[in-house]
Amino acid sequence: LSRLQFREPNYAGGTQPFDEITVFSIYDAEAEKGASRYKYCRFVYVRQRSLLVNLSRDGVRGLRGASIRYLRMRYMEMVVDWLKNHAYDLVLLENTPEFVEQVKEAIPSGCKLYLHLHNDWVNYSIQGAAYKLECLDKVICVSDYIASRVRTADTGTPIETVHNGVPITNDQFGDEDICKLRNELGIKDELSLIFTGRLVPEKGIDVLIEAMSMLGSETGYKLLVLGSKLYGENVTDQFLEGLRTAIARAHLNNTVIFTGYVNYEKVPLYYKVADVGVMPSIWDDPCPLSVLECMKYGLPIITTNSGGIPELVNDGCAFVFDRDEKLAENLAEAIRKLHDNRLLVSRMGEASRIRSEQFTMRAYLSNIYDAIHNGEGRTNV
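Residues numbered from 1 in each chain as written. Predicted model: local features only at pLDDT ≥ 70, side-chain atom pairs only at ≥ 80, totals over all residues. Heavy atoms only, no water.

## What about the overall build of the chain?
Line of reasoning, step 1. Along the backbone of the chain there are 15 helices and 13 strands.
Line of reasoning, step 2. In the chain, which comprises 381 residues, the share counted as buried stands at 46%.
Line of reasoning, step 3. A separation threshold of at least 6 residues defines the contact pool for the chain, and within that pool the share at least 24 residues apart is 61%.
Line of reasoning, step 4. If you sum the accessible surface of the chain, you get close to 19,700 Å²; carbon and sulfur atoms cover 49% of it. (Helix = DSSP H or I, 4+ residues; strand = E, 2+ residues; numbered from the N terminus. Buried < 20%, exposed > 50% of the residue type's maximum accessible area, 1.4 Å probe, protein only. Contact = heavy atoms within 4.5 Å. Areas by Shrake-Rupley, 256 points an atom, 1.4 Å probe, with all protein chains shown as cover.)

Written out as structure tokens, the structure is:
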């Protein structure tokens with residue numbers, strides 16, 4: 001939610017307007033601590049004080065979904081109540097199309113309502129999608145793929161694409177850190193592949209394991225699997241057990257390395273250890289950050305023709321395969337090709353690094369700012 005209020009001197013001696021941003025969020029102590037550095041942001045938190053939420057945190061089975069629904073209801077009640085008592089120029093809903101009608105009713109007629117959409121949640125097959133679009137002044141999508149899906153329910157609402165960006169991290173990991181981690185992981189001269197993301201079927205990790213099994217009789221490969229089923233938690237489920245069984249059956253226990261969940265601050269070190277990024281999504285991934293991160297760290301990419309992925313990569317930096325019955329075979333062949341041609345790895349890695357310059361956080365902020373302000377400048381927010 002954005003309200004223009006502050007002005008500060010600029011370098012020309014005049015004044016430069018700034019947007020005042022009010023952010024609504026579920027309460028988190030670490031987030032509250034970090035929020036203090038944002039000068040023009042007000043953070044309003046929804047506290048998680050309920051027996052239902054506490055029991056869910058304590059691991060009582062069957063309550064996770066109920067606690068999430070409860071928090072979403074409390075969150076929306078608080079936002080609506082706040083909007084009815086505070087004047088804003090623009091409300092930006094972050095990937096929550098289900099809140100459109102409630103927010104529309106709570107804001108005055110002169111307040112704009114935008115939706116920043118990350119997922120395929122507004123299309124012709126979604127009940128009420130056309131009405132939601134009629135309530136909105138603009139939809140900002142993370143990829144042309146998502147924009148194309150929204151247009152299937154189009155009512156004339158402006159739709160714009162702003163691809164995700166990745167921050168420039170000032171990580172302190174040097175050669176000594178890289179060498180230490182390689183030793184810990186048992187990587188010597190092998191081609192090291194990295195997969196990052198949730199360990200769920202739609203991310204294609206099982207297809208990648210199948211591809212690795214096709215290389216099982218060969219030597220010279222290591223696969224780092226970063227992540228778990230849930231963000232921030234290490235969870236073992238039937239799918240993960242199936243992966244471990246497939247790995248053992250193919251005698252890949254010394255080839256495939258599960259790191260479990262890795263804190264985001266340490267992820268850059270794993271990218272620096274890796275030679276190639278493999279992201280074999282078998283669903284229409286809207287705009288995966290893992291692909292952008294691989295490019296940022298100069299890794300050749302092996303991926304699929306899924307969702308918004310083809311918008312992010314090009315022929316110079318990536319092998320892109322269709323999601324068909326030959327996918328595992330094609331992944332294996334691409335891995336083998338890079339293993340046998342380290343010059344190709346270097347060339348594709350440099351192409352990735354160059355391509356990544358289009359998806360920096362600076363580029364993202366500039367593009368999202370223009371999309372929100374319609375190119376009219378800060379004074380019309």
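Right, picking up where we left off after that structure.
## A look at the confidence of the model for the chain
Should the pLDDT be low somewhere, the predicted coordinates at that spot are not to be read in detail.
Line of reasoning, step 1. Mean pLDDT over the chain stands at 87; residues scoring 70 or higher make up 86%.
Line of reasoning, step 2. Per-residue pLDDT stays below 50 along residues 1-16; that stretch engages in 52 contacts with residues further than four places along the chain or on separate chains. (pLDDT = per-residue confidence, 0-100.)

## Side note on the packing of aromatic side chains
Line of reasoning, step 1. Within the structure shown, the criterion is met by 7 aromatic pairs.
Line of reasoning, step 2. Where Tyr-27 meets Tyr-45, the ring centres are 5.4 Å apart and the plane angle is 85 degrees; that geometry is what we call edge-to-face. Of this pair, Tyr-27 sits in the loop between strand 2 (15-26) and helix 1 (29-35) while Tyr-45 sits in strand 3 (residues 41-46), placing them 18 residues apart in sequence.
Line of reasoning, step 3. Judged by its relative accessible area of 13%, Tyr-45 falls in the buried class.
Line of reasoning, step 4. Each residue in the set Tyr-27, Tyr-38, Phe-43 and Tyr-45 is aromatic and connected to the rest through ring pairs, giving one cluster.
Line of reasoning, step 5. Across from the ring centre of Phe-258, 4.8 Å away, lies the NZ or CZ of Arg-244, which sits over that ring. (Phe/Tyr/Trp six-rings, centres within 6.5 Å; stacked < 30°, edge-to-face > 60°. Lys NZ or Arg CZ within 6 Å of the ring centre and 35° of its normal.)

## Focus on the pairing of strand 5 (residues 112-117)
Line of reasoning, step 1. A large share of strand 5 lies buried, amounting to 5 of its 6 residues.
Line of reasoning, step 2. With 5 bridges connecting them, strand 4 (residues 90-94) and strand 5 associate as parallel partners. Each residue of the ladder has a partner; that of Glu-94, found in strand 5, is His-116.
Line of reasoning, step 3. Handedness of the crossover joining strand 4 and strand 5 through helix 4 (residues 100-106) is recorded here as right-handed.
Line of reasoning, step 4. As paired strands, strand 5 and strand 6 (residues 138-141) are joined by 4 bridges and run parallel to one another. (Pairing = 2+ DSSP bridges. Right-handed = clockwise from strand over helix to strand, strands pointing away.)

## Here's the deal with the pairing of strand 11 (residues 276-279)
Line of reasoning, step 1. Of the two faces of strand 11, the one carrying Val-276 and Val-278 and the one carrying Gly-277 and Met-279 are both buried.
Line of reasoning, step 2. Sheet topology note: the strand 8 (residues 191-196)/strand 11 ladder contains 2 bridges and is parallel. Note on strand 11: the bridge partner recorded for Leu-193 is Val-276.
Line of reasoning, step 3. As defined by bridge partners, strand 11 adjoins strand 12 (residues 301-304) across 3 bridges and the pair is classed as parallel. Each residue of the ladder has a partner; that of Gly-277, found in strand 12, is Ile-301.
Line of reasoning, step 4. On the question of chirality, the crossover connecting strand 11 to the parallel strand 12 by way of helix 11 (residues 289-296) is right-handed.

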